Amino acid sequence: MSPLSGYLLVSAMIFCIGLAGALTRRNAIMVLIGIELMLNAANLNFIAFWRFSDTPETQTGLMFALFSIAIAAAEAAVGLALIIMIYRHFRTANVDKVEDMKG
Amino acid sequence: MAEALDQFPITLKHWLMSQASGFLPEWLLVLLSFVLSISPILAVFPLLFALTTVIERKGLGRIQNRIGPNRVGIPLTNIRLAGFGQFIADGIKSLIKEDLVPYAADKVVHFIAPITLLIPVLLTYSVLPFGRNMVPLDLPQTGLLFFFALGASTELSVFMAGWSSRNKYSLLGAMRAIAQMVSYEIPLILSSLTVVMITGTLSLTAIVENQASLHLGFIHGWNLFTPWGFVGFLLFLTAAAAEANRTPFDLPEAESEIIAGYFTEYSGFKFAIFFLAEYLGLFAMCGLGITLFLGGWLPPFKFLDFIPSWCWFLGKLCALIVLFIWLRGTLPRLRTDQLMGFAWKFLLPMTLINLVVAALWHLTGGAVPTTIRWVVGFALLAVPYWLLGRGFEASVGKRVYRYAA
Amino acid sequence: MTLPFAIIAGLTVGSAIAAVSLRNLVHCALSLVLTFAGLAGLYLQLNAEFIGFTQILVYVGAVSILIVFAILFTRSTEPKDEPSTVTPWIGVAVAIGTFLTMAVSILGSPVSRRAAGPMGEVSVKTLGQKLMTDYVLPLEVMALLLTAAMLGAVIIAMREKEAK
């Protein structure tokens with residue numbers, strides 16, 4: 001197995017673990033943890049492709065990963081604020097119980 | 001002679017390596033090199049911690065008009081060593097004490113917490129330049145970032161300790177500690193950023209070498225001797241005291257309110273590890289402050305170059321430790337809201353203004369006479385200081401006693 | 001594949017599995033931190049020191065703290081109100097299917113057989129200069145986004161005034 005495919009497989013694995021977590025867990029925080037894992041898997045892909053590209057001097061992959069880390073931080077802050085808000089209203093963080101708009 | 005003494009630790013390591021290279025295989029030699037680089041850190045700083053505990057108790061005692069520990073000496077003799085055997089007695093005591101874990105505690109997390117606290121703290125020492133050519137791990141691109149990344153990862157260990165104990169005082173202490181560390185990390189990083197802006201590098205060795213330039217022919221150009229460096233150092237020291245949970249920012253372990261904070265439920269050797277990690281964290285912060293602002297291992301004056309570089313580093317470190325002990329004996333503890341207000345309403349604006357002053361200093365270099373740069377720099381810092389200080393005092397207001405006369 | 005890579009990758013994947021499958025949410029968050037640290041280790045393996053340490057600073061130092069605070073604030077440590085899920089197997093099956101698809105395409109792709117070229121030291125200085133020249137617009141947008149996110153988070157989480 002070549003080094004790049006090793007990194008890509010690890011990244012794919014983490015992405016799918018995150019996906020499984022986001023799909024199966026019912027607590028909103030766990031869903032957020034799953035999404036964070038998927039974002040991080042994407043970051044790993046950026047860095048791996050950057051390292052194995054023909055022109056690593058351009059640092060494009062690094063830039064992308066840097067911006068993605070910043071976005072993920074903003075996303076986590078807003079997402080968790082929303083979860084705390086939902087908890088105050090519904091007294092639960094379970095996404096299945098937040099269904100007031102269900103027809 | 002001075003040169004030989006200055007480079008003594010390096011030559012010793014090379015000599016040991018050359019002795020070992022005769023009979024050791026290649027990979028063991030690499031390992032030996034690592035061990036030889038690490039062992040001085042593991043020997044010097046815990047010993048410094050041990051001595052500091054005694055000096056701190058004696059110093060606080062003097063400040064409070066007591067004598068402090070003066071009994072423990074060599075057993076079965078009358079030699080008392082002025083109480084400096086105390087730390088050995090304390091160490092033996094904490095080693096043989098019973099290790100209690102609360103019944104409801106999360107056993108695994110409770111066990112891991114002190115270890116995960118100590119390891120990042122020890123790792124931060126690896127990038128500090130202790131003397132000329134003496135840095136265990138030279139990261140030319142990311143040295144300072146490495147330090148802050150590891151410093152930030154200690155917050156989680158504090159949470160682990162507080163949460164796993166299943167004790168309200170522990171959890172309260174952990175929440176206080178995390179809120180405080182997160183808030184004061186911003187001024188800490190921003191105040192060190194001025195140095196990065198001026199020197200244009202994150203490498204701590206390069207930052208020290210940058211301060212070797214001479215003023216007036218005999219004063220080394222420490223960053224302290226500039227308007228932004230002077231204010232930056234004070235801001236850094238304040239934020240560092242808060243990061244290390246030192247008085248007046250020791251709310252996380254305010255013993256009169258929440259027993260011992262996040263390590264209330266720890267006893268015996270684990271408690272000693274928390275104690276050790278806290279002091280080592282303080283020393284590392286002081287070491288970083290010395291590296292960034294106080295010229296690292298450089299002497300203040302050129303003609304003092306004959307004293308070995310590592311002596312200067314240790315001397316400055318001891319001076320800062322004494323300063324922190326003095327502060328602990330002098331200042332009262334803040335309240336939580338005052339603490340947060342101080343970080344966000346005073347320290348953060350001051351560090352941002354300091355960044356602007358550092359940028360101005362950098363851009364006017366060479367073009368404008370130094371005196372004018374000094375005056376403008378200090379004016380730009382002093383006026384906001386005065387205004388913010390006034391606003392801060394007004395917001396604190398006069399103390400009103402509800403339950404006391 | 002080298003030994004350090006194998007160790008770090010195993011640790012990262014294992015802790016990621018723990019992070020989504022443990023019952024106690026604080027344990028999940030702590031495993032997640034281990035995953036973040038493992039990913040930082042992988043970045044270091046890929047010569048991306050700056051991103052690796054940024055990862056530790058941002059994720060281990062800040063995001064994980066946010067997550068554990070949210071767990072404590074929503075009292076999610078008691079797993080009583082989480083009857084797992086109605087049909088966990090569908091989600092797991094979807095994830096495994098996705099993984100198999102990706103694995104087949106990764107192993108079949110000619111790109112994945114590339115070898116890493118020689119590389120000089122990645123200079124943080126050029127990274128910063130690029131941020132200020134080529135990437136200045138994304139940087140400004142990012143600054144705006146972070147400001148908006150901070151204000152938004154504060155306003156959302158601010159306690160509503162009691163209606164009297």
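In the block above lies the structure referred to throughout.
Let me begin by describing the structure that accompanies this report.

What counts, and at which threshold
- Residues numbered from 1 in each chain as written.
- Chains lettered and ligands numbered in written order.
- Predicted model: local features only at pLDDT ≥ 70, side-chain atom pairs only at ≥ 80, totals over all residues.
- Heavy atoms only, no water.
- Helix = DSSP H or I, 4+ residues; strand = E, 2+ residues; numbered from the N terminus.
- Rg over C-alpha atoms; globule rule 2.2 N^0.38 Å.
- Contact = heavy atoms within 4.5 Å.
- Areas by Shrake-Rupley, 256 points an atom, 1.4 Å probe, with all protein chains shown as cover.
- Lys, Arg positive; Asp, Glu negative; His and termini not counted.
- Charge placed at Lys NZ, Arg CZ, Asp CG, Glu CD.
- Buried area = accessible area lost by both parts, 1.4 Å probe.
- Salt bridge = Lys/Arg side-chain N within 4 Å of Asp/Glu carboxyl O.
- Polar contact = N/O pair within 3.5 Å; in protein donor to acceptor, adjacent residues only side chain to side chain.
- 1 Å grid on protein atoms, 1.4 Å probe; cavity = no way out; pocket = protein on both sides within 12 Å on 5 of 7 lines; lining within 4 Å.
- Points joined across faces, edges and corners; volume = space filled by probe spheres on them.
- Nonpolar A, V, L, I, M, F, W, Y, C, P; charged D, E, K, R; others polar.
- Buried < 20%, exposed > 50% of the residue type's maximum accessible area, 1.4 Å probe, protein only.
- Axes fitted to C-alpha atoms, helices over the stretch in contact; angles between N-to-C directions.
- Left-handed = near helix turned anticlockwise from the far one by under 90°.

**Thoughts on the overall build of chain A**
Okay, so step 1: Tallying secondary structure elements over chain A gives three helices and zero strands in all.
Okay, so step 2: Starting at the N terminus and walking to the C terminus, you meet the elements of chain A as α-α-α.
Okay, so step 3: Computed over C-alpha atoms, the radius of gyration of chain A comes to 17 Å, more than 25% over the 13 Å expected from 2.2 N^0.38 for 103 residues, which places it beyond the range of a compact globule.
Okay, so step 4: Principal axes of the C-alpha set define a box for chain A whose edges measure 55 × 25 × 20 Å.
Okay, so step 5: Considering only contacts in chain A between residues 6 or more positions apart, those separated by 24 or more positions represent 57%.
Okay, so step 6: As displayed, chain A has an accessible area near 3900 Å², and 69% of this comes from carbon and sulfur atoms.
Okay, so step 7: Taken as two groups, the 7 positive and 7 negative side-chain charges of chain A have centres that lie 12 Å from each other.

**Describing the interface of chain C and chain A**
One frequent convention defines the size of an interface as the accessible area lost when the parts assemble.
Okay, so step 1: Of the residues lining the interface, 83 residues belong to chain C; the matching set on chain A comes to 71 residues.
Okay, so step 2: The largest share of the area that chain C buries against chain A comes from V20(C), L46(C) and R114(C), three residues that together contribute 10% of it.
Okay, so step 3: Where chain C touches chain A, the interface holds zero salt bridges.
Okay, so step 4: Inspection of the region where chain C meets chain A yields four residue pairs in polar contact (both at pLDDT 80 or more).

**With respect to the layout of surface pockets**
Okay, so step 1: Estimated volume of the second largest pocket: approximately 1400 Å³.
Okay, so step 2: Taken together, 42 residues line the second largest pocket, and the ones lying closest to its centre are I119(B), P120(B), L123(B), L150(B) and A37(C).
Okay, so step 3: When residues of the lining of the second largest pocket are traced back to their parent elements, those giving at least two are helix 3 (26-63), helix 5 (107-124) and helix 6 (143-164) of chain B together with helix 1 (3-21), helix 2 (25-45) and helix 3 (49-73) of chain C.
Okay, so step 4: Considering every element that reaches the lining of the second largest pocket, the biggest residue donor is helix 2 of chain C, with eleven residues.
Okay, so step 5: Of the residues contributing to the lining of the second largest pocket, the split by class is 31 nonpolar, ten polar and one charged.

**Structural notes on the pattern of salt bridges**
A pair can form between side chains of opposite charge whenever their charged atoms are brought close.
All names here are of chain B.
Okay, so step 1: For the structure shown, the criterion picks out four salt bridges over all chains.
Okay, so step 2: Here R246 ties to E56 by a salt bridge, and the two come within 2.9 Å at their closest N and O atoms. Here R246 is found in the loop between helix 9 (227-243) and helix 10 (255-258), whereas its partner E56 is found in helix 3, with 190 residues between them in sequence.
Okay, so step 3: By relative accessible area, which is 6% here, R246 ends up buried.

**Quick notes on the interface of chain C and chain B**
Okay, so step 1: Opposite the 24 residues of chain C that make contact, chain B presents 25 residues.
Okay, so step 2: Carbon and sulfur atoms supply 80% of the area buried between chain C and chain B, which totals about 2100 Å² over both sides.
Okay, so step 3: Taken as a group, F53(C), L57(C) and L72(C) account for 26% of the area that chain C buries against chain B, more than any other trio of residues on that side.
Okay, so step 4: Here chain C and chain B share zero salt bridges between them.
Okay, so step 5: Mapped by element, the contributors of at least two residues to the side of chain C that touches chain B are helix 2, helix 3 and helix 5 (124-132) of chain C.
Okay, so step 6: Among the elements that take part in the side of chain C that touches chain B, helix 3 of chain C stands out by supplying 13 residues, more than any other.
Okay, so step 7: For the side of chain C that touches chain B, a count of residues per class yields 14 nonpolar, seven polar and three charged.

**Let's talk about the packing of helix 9 of chain B against helix 12 (residues 309-330) of chain B**
Residues and elements named next belong to chain B.
Okay, so step 1: For the pair helix 9 and helix 12, the least separation of the axes is 12 Å and the interaxial angle reads 65°. The crossing of helix 9 and helix 12 is right-handed. Counted together, F233, L237 and A241 of helix 9 and L320, L323 and F324 of helix 12 form the full contact between these two elements.
Okay, so step 2: Residues that form the contact of helix 9 with helix 12 fall into these classes: six nonpolar, no polar and no charged.

It is worth stressing that arrangement in space is one thing and function is another; only the former is reported here.
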